[in-house]
Amino acid sequence: MSGRRHKILVSGSAVRHAALLCTEAVPDAVRMSCVDNVVRIEVPEADFCIRLEKVTDEVTRLRFHVTFREDKPAGGTWWSSREIEVPAEPGSASVGQVLAAEIRHSRHTFTHAVSEAPPLAFTA
């Protein structure tokens with residue numbers, strides 16, 4: 001069916017951060033979804049799921065759940081969860097900046113930790 005366009009669902013406060021995330025935080029994203037109050041990002045070494053929760057009119061809680069994968073045969077997998085509170089509304093630029101900074105920081109920390117780790121030695 002040539003010429004047919006797929007529908008794209010855009011809603012909620014997460015979509016307000018899509019452009020910033022695509023251009024600054026994760027330009028190498030394999031997949032990204034910003035729907036309702038959930039941001040999902042797949043990059044070569046990790047999957048991010050971030051929920052934006054409005055705590056009060058002026059505070060947003062970001063709940064990060066990340067799965068990191070080592071890019072080697074028989075590489076390891078690590079999981080990380082954390083929460084950050086931002087003194088701003090879910091769709092604000094401040095929340096977007098914190099999202100971008102935290103994703104960049106997480107990726108850098110993981111890459112550095114894996115590159116600095118000594119090789120595992122298995123003995124029988």
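Notes on the structure follow. Nothing here was measured: the structure is a model prediction, and the numbers come from that model.

Turning next to the pattern of salt bridges. This model, assessed by the stated rule, comprises eleven salt bridges. The partner of E45 in a salt bridge is R107, with the nearest N and O atoms 2.6 Å apart. Here R107 lies in helix α2 (residues 93–116) and E45 lies in the loop between β2 (38–43) and β3 (46–56), a separation of 62 residues in the sequence. Residue classification places E45 among the buried positions, given a relative accessible area of 14%. A salt bridge links R61 to E83; its shortest N-O distance comes to 3.6 Å. Remark: E83 occurs in strand β5 (residues 77–86) and R61 occurs in strand β4 (residues 59–69); sequence separation between them is 22 residues.

Moving on, we get to α2. Relative to the 34 Å expected for 24 residues at 1.5 Å per residue, α2 spans 34 Å between its end C-alpha atoms, a close match to the ideal helical length. All buried positions along α2 are accounted for by V95, G96, L99, A100, I103, S106, R107 and F110. Check the buried side of α2 and you find it contacts α1 (18–25), β2, β3, β4 and β5.

How each quantity is defined
Residues numbered from 1 in each chain as written. Predicted model: local features only at pLDDT ≥ 70, side-chain atom pairs only at ≥ 80, totals over all residues. Heavy atoms only, no water. Salt bridge = Lys/Arg side-chain N within 4 Å of Asp/Glu carboxyl O. Helix = DSSP H or I, 4+ residues; strand = E, 2+ residues; numbered from the N terminus. Buried < 20%, exposed > 50% of the residue type's maximum accessible area, 1.4 Å probe, protein only. Expected span 1.5 Å × (residues − 1). Contact = heavy atoms within 4.5 Å.

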